[in-house]
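Structural description and commentary
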Amino acid sequence: VLAGMFVKFLIAGRYLSREGVPNRSILIGGMLGIVGFFVIPVIGLFVGFIGGIYLAEWQRLQAPKAAKDATIVALKATGISILIELAAALLLTLSWIVALFFH
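The present account deals with the structure reproduced in this document. A quick note: this is a predicted structure, and the numbers were derived from the prediction, not measured.

Turning to the overall build of the protein, a few remarks are in order. The secondary structure content of the protein amounts to four helices and zero strands. Beginning at the N terminus, the succession of helices and strands in the protein can be written as α-α-α-α. Radius of gyration (C-alpha) of the protein: 17 Å, far over the 13 Å computed for a compact globule of 103 residues. Based on the C-alpha atoms only, the size of the protein along its principal axes is roughly 60 × 35 × 15 Å. Residues counted as buried form 24% of the 103 residues belonging to the protein. Within the protein, counting contacts between residues at least 6 apart in sequence, those at least 24 apart form 56% of the total. For the protein, the exposed area adds up to about 7,300 Å²; of that, 78% sits on carbon and sulfur atoms. Across the protein, the mean location of the 8 positive side-chain charges is 2 Å away from that of the 4 negative side-chain charges.

Here you go:
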């Protein structure tokens, strides 16, 4: 599990820095996602996260097209992180099941 968490942050961080998206934009997206979670039930987390990244990148880059592209890159990195975490959780579950049957 710890290795999965380490790999998740390592790969997503490298992907974001390679594409030029700063951590500040992800932090702002996360904060607005939390606000959106309470303001708009059910979908507010996603709306706030995506909107926060877009607004942070638009402010930084001063170009709507570049902000949209950076937001898509950040969403891909988030998706990669989620898939890595899911794989680690499934591997842990599989090892638990194997331990149940062979113990």
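Within the largest apolar cluster, nine residues are counted, these being Tyr15, Leu16, Val21, Phe49, Ile53, Ala70, Val73, Ala74 and Ala77. Those elements that place two or more of their residues in this core are α1 (2–19), α3 (44–61) and α4 (64–102). Not counting residues within four places of it along the chain, the set of residues in contact with Tyr15 comprises Val73, Lys76 and Ala77.

Cut-offs and rules
Residues numbered from 1 in each chain as written. Predicted model: local features only at pLDDT ≥ 70, side-chain atom pairs only at ≥ 80, totals over all residues. Heavy atoms only, no water. Helix = DSSP H or I, 4+ residues; strand = E, 2+ residues; numbered from the N terminus. Rg over C-alpha atoms; globule rule 2.2 N^0.38 Å. Buried < 20%, exposed > 50% of the residue type's maximum accessible area, 1.4 Å probe, protein only. Contact = heavy atoms within 4.5 Å. Areas by Shrake-Rupley, 256 points an atom, 1.4 Å probe, with all protein chains shown as cover. Lys, Arg positive; Asp, Glu negative; His and termini not counted. Charge placed at Lys NZ, Arg CZ, Asp CG, Glu CD. Core = buried A, V, L, I, M, F, W, Y, C linked by side-chain atoms within 4.5 Å.

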